[in-house]
Amino acid sequence: MAVIRPFSAIRPCREKAEKIAALPYDVYNREEAKETVKRNTESFLRIDRAETQFDDSVDTYAPEVYEKAHELLWGMVRDGSFVKEEKNCYYIYELTMDERAQTGIAACASIDDYEQGVIKKHENTRAEKEQDRINHVDICNAQTGPIFLAYRANAVINEVVDAVKKEEALYDFVSEDGIRHRVWVISQEGQIRAVENAFASIGEIYIADGHHRAASAVKVGQKRRKEHPGYTGEEEFNYFLSVLFPDEELMIMDYNRVVRDLNGMTAETFLQRIAQLFSVGAPQSQPVKPQKKGEFSMYLAGKWYLCTIPKNEIPDHPVQGLDVSVLQERVLSPVLGIQDPKTDNRIDFVGGIRGLEELKRRCETDCEVAFAMYPTSIQELFAVADAGLLMPPKSTWFEPKLRSGIFIHALD
């Protein structure tokens, strides 16, 4: 059963929360991060991406970068920009985008649950990407970016959340991208016990987003255990910062594909090949959005086409039956010659948050064909993870993104 425990958060003072809260470190390249920090000198991005404090001659992963992150973080604690909660609490974190809200619980999850498969993953991680966050967490002595976890909705947790949300919010602000962020504290002992016991009755927790952050936090915990051979399991380094959302509130957006060339074919020949594989609708001048599983739309030579995968040709398998898998196995690999989408530079991926117009724009600049997918469902994600399998690259795009800097979990 899952161990999801309350913690004493380091969090922004109320008047600075809006300025400090920042998008995750990995949505920016170095230049974008520098520009963001230049516009807002209090953004938490200057801690998550401390290379912004140096000129470009300093490597992003240089030791002094992580030391600067430590200096900035604990300096803000000393000057009162951050405060530390006096007791262990849970926190409610609500994000509202386009009038649609999703509400999670900020808490700490167990590294043992991760290692024993109670917390399930659906992606592999890369060692070089892990190492950056390992260094950041270890040297800062804190976890600064929460892992996005999901669970099957629980009535007891929902009841506590609904009751606490009737109280005044601790934070309530709208970020630059139009997302409203609200936070409440669950501090009553009875409510804390109810939430903790409810999570203890849940057998599976799922990583929705943040696989590298999770793996890095776990490895820092393992390192600290070796450094503290008499550890009890209660130390903070045995747990990692998370926000957990019920499945019924999550929205997964489409994750679309654009390809730079047609593998030597003309647009007419390629369209004929697609028509041999799928049911292809009449060409449309306006964007066509797939409406259900088994559909995808294609932008080719200035026209949109709705394509339907025959139901009897969708494999009854958690991974092979995903629409992104069918596209890969039937089109991208055999027709366009893209054998490994993780390494082939002929393919690129476009998050659904950018809209279908971005696919058209790419085809008018550096690509020949675009595929707009129907979003992978949270139930499909759960099924893949429950089977102990991995999703194809770029199968899910979660919005809105959790902000870093609202909750910080110190490791001692």
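Details of the structure are given in the entry above.
Cut-offs and rules
- Residues numbered from 1 in each chain as written.
- Predicted model: local features only at pLDDT ≥ 70, side-chain atom pairs only at ≥ 80, totals over all residues.
- Heavy atoms only, no water.
- Core = buried A, V, L, I, M, F, W, Y, C linked by side-chain atoms within 4.5 Å.
- Buried < 20%, exposed > 50% of the residue type's maximum accessible area, 1.4 Å probe, protein only.
- Contact = heavy atoms within 4.5 Å.
- Salt bridge = Lys/Arg side-chain N within 4 Å of Asp/Glu carboxyl O.
- Helix = DSSP H or I, 4+ residues; strand = E, 2+ residues; numbered from the N terminus.
- 1 Å grid on protein atoms, 1.4 Å probe; cavity = no way out; pocket = protein on both sides within 12 Å on 5 of 7 lines; lining within 4 Å.
- Points joined across faces, edges and corners; volume = space filled by probe spheres on them.
- Nonpolar A, V, L, I, M, F, W, Y, C, P; charged D, E, K, R; others polar.
- Phe/Tyr/Trp six-rings, centres within 6.5 Å; stacked < 30°, edge-to-face > 60°.
- Lys NZ or Arg CZ within 6 Å of the ring centre and 35° of its normal.

(A) Examining the nonpolar core more closely. One finds Phe270, Met298, Leu336, Val369, Phe371 and Phe407 to be the most contacted residues of the largest nonpolar core, which totals 66 residues. In this view, methionine 298 contacts Phe270, Leu271, Ile274, Lys303, Trp304, Tyr305, Cys307, Val369, Ala370 and Phe371; residues no more than four positions away in its chain are not counted. The next biggest cluster of nonpolar side chains, apart from the first, holds 34 residues, and it includes Ile186, Ala198, Ile202 and Ile207.

(B) Spotlight on the pattern of salt bridges. Within this structure, the stated rule accounts for 34 salt bridges. The residue lysine 68 makes a salt bridge to glutamate 71 at a minimum N-O spacing of 3.3 Å. Note that lysine 68 and glutamate 71 are positioned in helix 4 (residues 63-78) at a spacing of three residues, about one turn of the helix. The partly exposed category is assigned to lysine 68, whose relative accessible area is 22%. Assessed through its relative accessible area of 46%, glutamate 71 is described here as partly exposed.

(C) Summary view of empty space enclosed by the protein. Summed over all chains, the structure comprises one cavity of 30 Å³ or more. A volume near 140 Å³ is recorded for the largest cavity. Around the largest cavity sit 16 residues that line it, and Arg133, Val137, Thr144, Gly145 and Arg213 are the ones nearest its centre. Listing elements by their share of the lining of the largest cavity, those giving two or more residues are helix 6 (127-140), helix 9 (211-227) and strand 12 (239-246). Here the residues of the lining of the largest cavity are counted per class, giving seven nonpolar, six polar and three charged.

(D) Spotlight on the packing of aromatic side chains. A complete count under the given rule lists 14 aromatic pairs for this structure. Consider the rings of tyrosine 93 and phenylalanine 407, whose centres lie 5.7 Å apart with planes at 70°: the pair is edge-to-face. Placement of tyrosine 93 in strand 4 (residues 90-97) and of phenylalanine 407 in the loop between strand 20 (397-398) and strand 21 (409-410) is noted, with a sequence separation of 314 residues between them. The same class applies to tyrosine 93 as to phenylalanine 407, namely buried. Between tyrosine 206 and phenylalanine 382, the ring centres sit 3.9 Å apart and the planes meet at 20°, which makes this aromatic pair stacked. Of the two residues, tyrosine 206 is situated in strand 11 (residues 205-209) and phenylalanine 382 in helix 13 (residues 378-386); the sequence distance between them amounts to 176 residues. In this structure, tyrosine 206 and phenylalanine 382 share a single accessibility class: buried. What links up through ring pairs into an aromatic cluster is the set Phe7, Tyr91, Tyr93 and Phe407. Lying across the ring of tyrosine 239, arginine 5 places its NZ or CZ 3.8 Å from the centre.

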